[in-house]
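Geometric and topological summary
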Amino acid sequence: MDVTSTPQPPAKVSDYNTFLIMLTTQIKNQDPLNPMSSDNFASQLATFSAVEQQTKTNDLLTQQLALNTQNSMAQMVGWVGKDARIDAPVQFDGTTPVTLSPNPAYASDQTILVVTDASGAEVSRTEIPVSTSDYNWVGRDSTGAPLPQGRYSITLESYERGALLGTNPVEYYARVNEIRNGGDGVTAVFNGGVEVSTSLITALRDPLP
């Protein structure tokens, strides 16, 4: 024998119907000598109306957020293939230099580029010019030998007369391979699976020849 299931009403309709049934039952079973006051009745209706309105508002906000995310992704499609400046670990392929954007501390007279591997071990420490100009990191260790391909973190130590002023991450340029929408919002994906929020991209440019 075929059994046809009865379609269930949407949750909001069901909640509304349940509220009306409960309110009707309450009215039917109230004490005739002490009936529910009109103020109490109106209060219950107002409470349900406020909750229902808040639910609708939340739904509208969710829809608007989804629409904004779609619009953001549509606008960022043109980023694919461009070079973006980011603060993230560097995925070094073993041969291609990486364009760094150092930012020395104010009043520094010496800057040291410090590179650590994925395990956190320091693999090189190199003095570079005190400048905000782009610097090509060629992937060499402290002895000058080529570093193997892998993921590296690069920081800049700023000194004044031998005293350390501070250490800060070094941004670099990398090619955008994909724009992705996930649980953390819209992100850009780079070589080696490096993924950062698009809100953290500080510059964008066409690939250099």
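Anyway, here's the lowdown on the structure attached to this text. For clarity, every value in this text was computed on a predicted model and none was experimentally measured. (Residues numbered from 1 in each chain as written. Predicted model: local features only at pLDDT ≥ 70, side-chain atom pairs only at ≥ 80, totals over all residues. Heavy atoms only, no water.)

The next thing to look at is the pattern of salt bridges. If you walk through the whole model with that rule in mind, you get eight salt bridges. Here Asp83 and Arg175 are joined by a salt bridge, their closest N and O atoms 2.5 Å apart. Placement of Asp83 in strand E1 (residues 83-86) and of Arg175 in strand E9 (residues 171-175) is noted, with a sequence separation of 92 residues between them. Using a relative accessible area of 35% as the deciding quantity, one classes Arg175 as partly exposed. Residue Arg85 pairs with Glu171 through a salt bridge whose shortest N-O separation is 3.1 Å. Here Arg85 is found in strand E1, whereas its partner Glu171 is found in strand E9, with 86 residues between them in sequence. (Salt bridge = Lys/Arg side-chain N within 4 Å of Asp/Glu carboxyl O. Helix = DSSP H or I, 4+ residues; strand = E, 2+ residues; numbered from the N terminus. Buried < 20%, exposed > 50% of the residue type's maximum accessible area, 1.4 Å probe, protein only.)

The subject of this paragraph is the side chain of Thr99. Relative to the assigned elements, Thr99 resides in strand E3 (residues 98-101). For Thr99, the side chain forms a polar contact with the side chain of Asn136, separated by 3.3 Å. With residues up to four places along the chain from it excluded, the contact list for Thr99 reads Asp134, Tyr135, Asn136, Tyr172, Tyr173 and Arg205. (Polar contact = N/O pair within 3.5 Å; in protein donor to acceptor, adjacent residues only side chain to side chain. Contact = heavy atoms within 4.5 Å.)

What follows deals with the packing of aromatic side chains. Throughout the structure, instances matching the rule amount to three aromatic pairs. Between Phe92 and Trp137, the aromatic rings sit 5.1 Å apart at their centres with planes inclined by 55°, giving tilted as the arrangement. Of this pair, Phe92 sits in strand E2 (residues 90-92) while Trp137 sits in strand E6 (residues 135-137), and the two are 45 residues apart along the sequence. Where Trp137 meets Tyr152, the ring centres are 6.0 Å apart and the plane angle is 65°; that geometry is what we call edge-to-face. (Phe/Tyr/Trp six-rings, centres within 6.5 Å; stacked < 30°, edge-to-face > 60°.)

Turning to the environment of Ser108, a few remarks are in order. Here Ser108 shows up in the loop between E3 and strand E4 (110-116). Each C-alpha atom of the pair Ser108 and Val130 lies 7.4 Å from the other, and the pair is 22 residues apart in sequence. Excluding its chain neighbours within four sequence positions, the residues that come into contact with Ser108 are Val130, Ser158, Tyr159 and Leu165. There is a polar contact of 2.7 Å between the side chain of Ser108 and the backbone oxygen of Ala105.

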